[in-house]
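# Inside the fold
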Amino acid sequence: MRAKLDQIKADALAQIQNADGLEKLNEVRVNVLGKKGALTAVLKSMKDVAPEDRPKVGQMVNETRAEIEAVLEDAISKMERAKRELQMKTEVIDVTLPAKKHTKGHRHPNTIAMEEVERIFIGMGYEVVEGPEIETDYYNFEALNIPADHPAKDEQDTFYISGDILLRTQTSGTQVHVMEQGKLPIRMIAPGRVFRSDEVDATHSPSFHQIEGLVIDKHITFADLKGTLAEFAKELFGEETKVKFRPHHFNFTEPSAEMDVSCFKCGGKGCRFCKGSGWIEILGCGMVHPNVLRMSNIDPEKYSGFAFGMGLERIALLKYEIDDMRLLYENDIRFLKQF
Ligand code: DAH
């Protein structure tokens, strides 16, 4: 019996020694001391021991159990301590570190420029409206007097979703949505994102923003267009800003023009900024074509109007003297913070 108990003890101590984790130690406890463990089996076999030897054997079993238990407990507490120490080392919290600052975002130069343009036109009694970024061919082209086979469409080779549905190439389609509602007079601007399959470079991006403008009322003339846009240019670029209109072609306006502003950097003398010309091109405009009015159920004999469209990025680049459009899309906070 003595030999058997010594064997059990030697086995148990070896297992404890070799245990590489708390789970292994627990296994040892179950295998040796548990209900079905080796020591318990010995106790169960007491009935085979002569009655006069039983107290002695019992005592030997208990001693062995106590010895194994003591070693086991010691091993468990050592292992737990080691585990805790490792945890303390790896999960240090340095309470003296400064707190994390909540970094505030910054308004994008596009947004700042857009709000500035909106502010100016709202001040002149305009309403700000939004149109859909996904358009049908009708709103993007047809209703703007650009029929299916017109070369003006080629210039705006664009992203089609299906045969007739596309990402809008211009905000001009919003004019049609507003005219269709049939409420006159109209005085609106429509800022928004537009899409063209352009390569990315310093002045192009496949997605950019435009601001559209439309005024329709009785007796609106080119003089109204000139006066309004001249006033707008002064508000945006400064009181001394002069404007100049160059004849141009847009299908949806007749006559059409492009408007230049005198260079706000050199005052018109000519500099690097305006490439020596003294003028900077800023927007397209014109008197709304009678076909466009008619298609939206407005009688061109009774009503007339003017429209204009400008690139928002272009305004932002000019106003903040940014020389590469790509900077506007990188969202580098060091860049954005400057405006
Ligand atoms: N949609 C034109 C473009 O993308 C800009 C434009 C020009 C809009 C003249 C107008 C306008 O409303 O009258 O180039």
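Please refer to the structure higher up on the page.
Structurally, the position occupied by Arg-2 is in helix α1 (residues 2–18). Judged by relative accessible area, Arg-2 falls into the partly exposed class, the value being 40%. Apart from the residues lying within four places of it in its own chain, the contact partners of Arg-2 are Met-60 and Thr-64.

What follows covers the pattern of salt bridges. Under the defined criterion, the tally for this structure stands at 14 salt bridges. For Glu-67, the salt bridge is made with Lys-9, and the minimal N-O distance between the two is 2.3 Å. Residue Glu-67 is located in helix α4 (residues 54–90), and its partner Lys-9 is located in helix α1; the two are separated by 58 residues in the primary sequence. In this structure Glu-67 comes out as partly exposed when scored by relative accessible area, which is 38%. Across the pair Arg-119 and Glu-235 runs a salt bridge, and its minimum N-O distance is 3.5 Å. Taken together, the residues span a long stretch of sequence, with Arg-119 in helix α5 (residues 109–123) and Glu-235 in helix α8 (residues 222–237) at a distance of 116 residues. When its relative accessible area of 44% is taken as the criterion, Arg-119 is described as partly exposed. The network of salt bridges with common partners includes Arg-246, Glu-258, Asp-260 and Glu-281.

Taken across its 11 residues, strand β6 (residues 207–217) has 10 buried, putting it largely inside the fold. Both strand β5 (residues 186–195) and β6 contribute to a ladder of 10 bridges, which runs antiparallel. Each bridged residue has a counterpart across the sheet, and for Ile-189 the counterpart in β6 is Gly-213. Looking at chain direction, β6 and strand β10 (residues 304–311) are connected through eight bridges and run antiparallel. For Val-215, the partnering residue across the bridge sits in β10 and is Phe-306.

Taking 1.5 Å per residue, 12 residues should reach 16 Å; helix α2 (residues 22–33) reaches 16 Å between its end C-alpha atoms and fits that length. Elements in contact with the buried residues of α2: α1, α3 (38–44) and α4.

Before going further, it helps to spend a moment on unusual backbone geometry. Looking along the chain, the bond that leaves Leu-184 and enters Pro-185 is cis, with omega of -5°. With respect to the helices and strands, the residue Pro-185 is situated in the loop between α7 (173–180) and β5. Of note, the phi angle at Asn-145 is positive, near 70°, even though the residue is not glycine. Counting through the fold element by element, Asn-145 comes out in the loop between α6 (137–140) and β3 (160–162).

Lining the immediate environment of the ligand, one finds 15 residues, of which Gln-170, Ser-172, Arg-196, Gln-210 and Glu-212 sit closest. In the environment of the ligand, an oxygen atom lies 2.8 Å from a nitrogen or oxygen atom belonging to the side chain of Gln-210. Here an oxygen atom of the ligand sits 3.4 Å away from a polar atom, N or O, in the main chain of Phe-308. Protein coverage of the free-state accessible area of the ligand, which is 350 Å², stands at 90%. When grouped by side-chain class, the residues that make up the shell around the ligand number five nonpolar, eight polar and two charged.

This part takes up the sheet that holds β3. The sheet built from three strands is open, its strands ordered β2-β4-β3 with antiparallel pairing. A strand with exactly one partner marks an edge of an open sheet, and here the two such strands are β2 (134–136) and β3. Strand-to-strand, the axes of this sheet are offset by a mean angle of 35°, without reference to chain direction. Here two bridges tie β3 to strand β4 (residues 165–167), and the two strands are oriented antiparallel to one another.

Basis of the calculations
- Residues numbered from 1 in each chain as written.
- Predicted model: local features only at pLDDT ≥ 70, side-chain atom pairs only at ≥ 80, totals over all residues.
- Heavy atoms only, no water.
- Helix = DSSP H or I, 4+ residues; strand = E, 2+ residues; numbered from the N terminus.
- Buried < 20%, exposed > 50% of the residue type's maximum accessible area, 1.4 Å probe, protein only.
- Contact = heavy atoms within 4.5 Å.
- Salt bridge = Lys/Arg side-chain N within 4 Å of Asp/Glu carboxyl O.
- Pairing = 2+ DSSP bridges.
- Expected span 1.5 Å × (residues − 1).
- Near = heavy atom within 4 Å.
- Polar contact = N/O pair within 3.5 Å; in protein donor to acceptor, adjacent residues only side chain to side chain.
- Areas by Shrake-Rupley, 256 points an atom, 1.4 Å probe, with all protein chains shown as cover.
- Nonpolar A, V, L, I, M, F, W, Y, C, P; charged D, E, K, R; others polar.
- Axes fitted to C-alpha atoms, helices over the stretch in contact; angles between N-to-C directions.

In short, shape yes, function no, at least from these values alone.
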